[in-house]
Amino acid sequence: MPSHLAASSSNVTRESIKREHDEKRRIETLCQMSENRKVTCTLVHHRKLRSSNVVDSLIERRRLGFKMSDGFKAPMIRARVPFMNTTLRRKVFPEPANMYEVMDHMHTMQPSSDYTKILGLWSVRTTAVQRIQVLDLSPTSKFLNDSSYDSMGNESRDVKIETEIGIKPSGTAIMKSLSKVTHICWAPLSVDDRSNSAVLYTTMCILGRFPSLALFRRLDSSTVQEYRSTEFNLGKNAAWTCAWNSYNQQFSIGSEKKAILIDVETRRLWELNTRDGDVLTQIFSNQEKSLLYSGTRKGLVCCHDLRSSSTYYVSALVHESSVCCIQLLKDENYIICSTFSGRIQCWDLRMRKVVQEFPGHVNEYSRIPFHIDSTETVLCAAGQDCYTRIWSLKDSTLLHTIPPPFPASRDIIPAIRFSTEWARSSQAGLLMGIKDEIHFYSL
């Protein structure tokens, strides 16, 4: 065999050089974070000092008459985010009972409204099966013995109680193999429904042999006989995303060249005009219950008023590339949008212009979501480079960048969520699902 053919498999390419450089940078960052954990006492002291300085500064500003628009909690969170470290690393199924409990990667993470459950979508290893599973979150206590010595050299022992998050699969799992699950979301039956048991998800057959479906199911049943489901056949229409409106018992499907609105009780269907753009992301307004926002592949964010007899949108925002995620703030005069070009921007809906931008996000062509915590203090997103970035929502400052715990690959982009009240406790931090593991980065 000629020598140049024998060595062809070891050719150096731009991709291999970049991959090697990225892996070296990831390992260096992880080593630095590991060193930070080894000097826990110094870090904790610094965090307390930093927190004390923040509190003193806030008290002084209030004493001088400055208005504290976001109170004390938000500045404290922003001050502690840069010091986040891993405190939990756990497999979803530590001891798999069968091949369908051997997870390959977590693609989607949807917390419940009270942050006591997580709705997750995984791919199953060595199969073409996808698994939808609910995880219960509960606070667990761990007792630690802390030894200290006084000035006379006498040892004293203190018992400290450290709270962690317990993670346990619950309910009935959903397995899909012939069609791909494109989106999942919680589907509460009413505004006051806190059971966190009903889900809505969409499936689509890549080969086109089976129709696309929207399925509404309850996962709190203990037996197969109690396992209730409702299917909506969408025909050959693509189903990219879905959104649930608990006020009107309606849901919307992001489809090919249009959005589809369906009434659950009457099964009536409306096709909403999006100027022939595929709808990739959707959200209903919480204040104006009849407004639906849809982000399209053509770069439009269309607003439909469902009270109108017309199926045309009433307003639109124009982006330079496809819109992959949208999120309304509590003040619904503002909406945050992300695009395939990696730009995350905050728009003023009254003036229809960008008022804020969050730099550093990495995306080229993936439908990558971003997330805002319930206090609207931080915005976080996992990029196509698998790095998780956290920004201050107030001034769009990049607060922290977390490297992936595994070698970066576009097939294992982490699923993340940030909250200050996980499991109805004081546990605050970032929950990350990557491969078959759940990681928690605490404040």
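All figures in this text were calculated on a predicted structure; none of them were measured in a lab. (Residues numbered from 1 in each chain as written. Predicted model: local features only at pLDDT ≥ 70, side-chain atom pairs only at ≥ 80, totals over all residues. Heavy atoms only, no water.)

Peer 1: Summarise unusual backbone geometry; cite the residues concerned and give the values.
Peer 2: Phi is positive for Asp276, close to 60°, though the residue is something other than glycine. Among the secondary structure elements, Asp276 is positioned in the loop between strand 13 (269-273) and strand 14 (279-284). Of note in the backbone geometry, Glu376 takes a positive phi value of approximately 55° without being a glycine. (Helix = DSSP H or I, 4+ residues; strand = E, 2+ residues; numbered from the N terminus.)

Peer 1: Help me get a handle on the pairing of strand 13, residues and values and all.
Peer 2: Here strand 12 (residues 258-263) runs beside strand 13; their pairing, made up of five bridges, is antiparallel. By the bridge assignment for strand 13, Ile260 is matched with Glu271. Following strand 12, the chain reverses through five residues before pairing antiparallel with strand 13; Arg267 in that reversal takes a positive phi of roughly 60°. (Pairing = 2+ DSSP bridges.)

Peer 1: How would you sum up a nonpolar patch on the surface? Please name residues and give values.
Peer 2: On the surface, a cluster of nonpolar side chains totalling about 270 Å² of accessible area is made up of Met99, Tyr100 and Met175. Its location among the elements puts Met99 in the loop between strand 1 (85-91) and strand 2 (103-111). Judged by relative accessible area, which is 45%, Met99 ranks as partly exposed. (Patch = residues over 30% accessible without salt bridge, like charges linked within 9 Å, V, L, I, M, F, W, Y side chains within 5 Å. Areas by Shrake-Rupley, 256 points an atom, 1.4 Å probe, with all protein chains shown as cover. Salt bridge = Lys/Arg side-chain N within 4 Å of Asp/Glu carboxyl O. Buried < 20%, exposed > 50% of the residue type's maximum accessible area, 1.4 Å probe, protein only.)

Peer 1: An account of the sheet that holds strand 28 (residues 437-442) is needed here, citing residue identities and associated values.
Peer 2: An order of 1-28-27-26 is seen for the four strands of this open sheet, with the pairing classed as antiparallel. This sheet does not close on itself; its edge strands, each paired only once, are strand 1 and strand 26 (415-422). Shown here is a sheet whose adjacent strand axes are inclined to one another by a mean of 20°, direction ignored. Note: strand 27 (residues 427-434) against strand 28, six bridges, orientation antiparallel. Looking across to strand 28, one finds that Met432 is bridged to His439. (Axes fitted to C-alpha atoms, helices over the stretch in contact; angles between N-to-C directions.)

Peer 1: Please set out the sheet that holds strand 22 (residues 370-372) residue by residue, giving values where relevant.
Peer 2: Ordered by their spatial adjacency, four strands build an open sheet running 22-23-24-25, and the pairing between neighbours is antiparallel. Edge positions in the sheet fall to strand 22 and strand 25 (398-402), since each of these pairs with one other strand and no more. Here the strands of the sheet are splayed against their neighbours by 15° on average, with no regard to which way each runs. Across four bridges, the pairing between strand 24 (residues 388-392) and strand 25 is antiparallel. By the bridge assignment, Thr388 is partnered in strand 25 with Ile402.

Peer 1: Explain the pattern of salt bridges to me, using residue names and the numbers behind them.
Peer 2: Across all of its chains, the model carries 13 salt bridges by this definition. The salt bridge involving Asp436 is made with Arg125; its shortest N-O contact spans 3.7 Å. In this pair, Asp436 is assigned in the loop between strand 27 and strand 28 and Arg125 in the loop between strand 3 (117-124) and strand 4 (130-149), connecting sequence segments 311 residues apart. Salt-bridge contacts for Arg410 lead to Glu364; the nearest nitrogen and oxygen are separated by 3.4 Å. Separated by 46 residues along the polypeptide, Arg410 in the loop between strand 25 and strand 26 and Glu364 in the loop between strand 21 (353-358) and strand 22 bring together distant segments of the chain.

Peer 1: Could you give an account of helix 4 (residues 73-80), naming the residues involved and the relevant values?
Peer 2: Taking burial as the measure, the eight residues of helix 4 include six buried ones, the bulk of the element. Those residues of helix 4 that fall on the buried side of the exposure criterion are Ala74, Pro75, Met76, Ile77, Arg78 and Ala79.

Peer 1: Kindly report on the side chain of Gln110, identifying the contributing residues and their values.
Peer 2: Looking at the element boundaries, Gln110 is found in strand 2. The buried category is assigned to Gln110, whose relative accessible area is 17%. A polar atom in the side chain of Gln110 sits 3.2 Å from the side chain of Arg417. Excluding its chain neighbours within four sequence positions, the residues that come into contact with Gln110 are Lys117, Ile118, Leu119, Ile184, Trp186 and Arg417. (Polar contact = N/O pair within 3.5 Å; in protein donor to acceptor, adjacent residues only side chain to side chain. Contact = heavy atoms within 4.5 Å.)

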